[in-house]
Amino acid sequence: MSRLAVFLAQGFEEIEALTVVDICRRGGVETDMVSVTGESEVTGSYGISVKTDKKFEEVDFGEYDMIVLPGGMPGTKNLEAHSGLMAQVDDFYAKGKYIGAICAAPSIFGHKGILRGKRACSYPSFESHLEGAEVTSGPVEVSGNVITSRGMGTAIDFGLAILSIFCGSERADELAKGIVYRCC
């Protein structure tokens, strides 16, 4: 079974993080919410506190197939400031494992040079940070092992794209229909 980790820092965008968790869990992908704060509870950018499944220090990264970074401010900056997480992003990318980011968080990949020669998208005011990418205005871009998305309004698309990678497009389409997303 596939497994992914969604990393939460103080000021994360709640809908972007929790939508991915919800869709992937519904679809059968084991999904952990991981705190990078040293605490089990992390508060998002709109004051919603979430109890995570694990703290960063408890994670065995060898058990995971993907790292997901939600956006939000100052959540994105706080994720990028976590050197341990950034080392894991580099390691996953180098090994060909999936990495994903939404809203402002794709800027982290841009700063790291990961997006050079790839199609990518982000929140419009962060597009200048997608260094070396072919920037699009699509809701989601899957380019090799890198998945990016534009923001809260594309969180379902982002979650379904991730689900499609791990469980197939048929399962993602079935789930989209089940949640009455762009159908009927």
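Rules and cut-offs
- Residues numbered from 1 in each chain as written.
- Predicted model: local features only at pLDDT ≥ 70, side-chain atom pairs only at ≥ 80, totals over all residues.
- Heavy atoms only, no water.
- Helix = DSSP H or I, 4+ residues; strand = E, 2+ residues; numbered from the N terminus.
- Rg over C-alpha atoms; globule rule 2.2 N^0.38 Å.
- Buried < 20%, exposed > 50% of the residue type's maximum accessible area, 1.4 Å probe, protein only.
- Contact = heavy atoms within 4.5 Å.
- Areas by Shrake-Rupley, 256 points an atom, 1.4 Å probe, with all protein chains shown as cover.
- Phe/Tyr/Trp six-rings, centres within 6.5 Å; stacked < 30°, edge-to-face > 60°.
- Lys NZ or Arg CZ within 6 Å of the ring centre and 35° of its normal.
- Lys, Arg positive; Asp, Glu negative; His and termini not counted.
- Salt bridge = Lys/Arg side-chain N within 4 Å of Asp/Glu carboxyl O.
- Pairing = 2+ DSSP bridges.
- Right-handed = clockwise from strand over helix to strand, strands pointing away.

Chemist: Sorry, what's going on with the overall build of the chain here?
Modeler: Secondary structure summary: the chain contains six helices and eleven strands in total. Over its C-alpha trace the chain gives a radius of gyration of 15 Å, about what one expects of a compact globule, namely 16 Å for 184 residues. Dimensions of the chain, computed from the C-alpha atoms along their principal axes, are close to 45 × 35 × 35 Å. When each of the 184 residues of the chain is scored for burial, the buried share is 54%. A separation of at least 24 residues holds for 62% of the contacts in the chain among residues at least 6 apart in sequence. A total accessible area of about 7,900 Å² is found for the chain, and carbon and sulfur atoms account for 48% of it.

Chemist: I keep staring at the packing of aromatic side chains and nothing clicks. Help me out?
Modeler: Inspection of every chain in the model, using the stated rule, returns five aromatic pairs. Ring geometry for Y98 and F166: centres 5.6 Å apart, planes at 75 degrees, overall edge-to-face. Of the two residues, Y98 is situated in strand β7 (residues 98–102) and F166 in helix α5 (residues 155–167); the sequence distance between them amounts to 68 residues. An aromatic cluster of three or more residues is present, and its members are F7, F56, F61 and F92. Just above the ring of F92 sits the side chain of K97; from NZ or CZ to the centre is 4.5 Å.

Chemist: What am I meant to see in the side chain of E16 here?
Modeler: Turning to its location among the elements, E16 is positioned in helix α1 (residues 14–27). Although buried, E16 forms no salt bridge, and the nearest oppositely charged side chain, R150, lies 11 Å from it. Ignoring sequence-local partners within four residues, the contact set of E16 consists of P70, G71, G72, I102, C103, G151, M152 and A155.

Chemist: Please explain unusual backbone geometry as it appears in this structure.
Modeler: At the junction of M73 and P74, the peptide bond is cis and its omega measures out at 5 degrees in the coordinates. Considering the arrangement of structural elements, one finds P74 in the loop between β6 (66–69) and α2 (75–80). The backbone of V180 shows a phi angle near 60 degrees, a positive value even though the residue is not glycine. Its location among the elements puts V180 in the segment after α6 (169–178).

Chemist: Would you explain the pairing of strand β2 (residues 30–35) in this entry?
Modeler: On a regular strand, one side chain projects to one face of the sheet and the next to the other, so that they alternate. Taken across its six residues, β2 has five buried, putting it largely inside the fold. Pairing between strand β1 (residues 3–8) and β2: six bridges, direction parallel. Bridge pairing in β2 places V6 opposite M33. Each parallel crossover has a hand, and the one from β1 via α1 to β2 is right-handed. As defined by bridge partners, β2 adjoins strand β5 (residues 54–55) across two bridges and the pair is classed as parallel.

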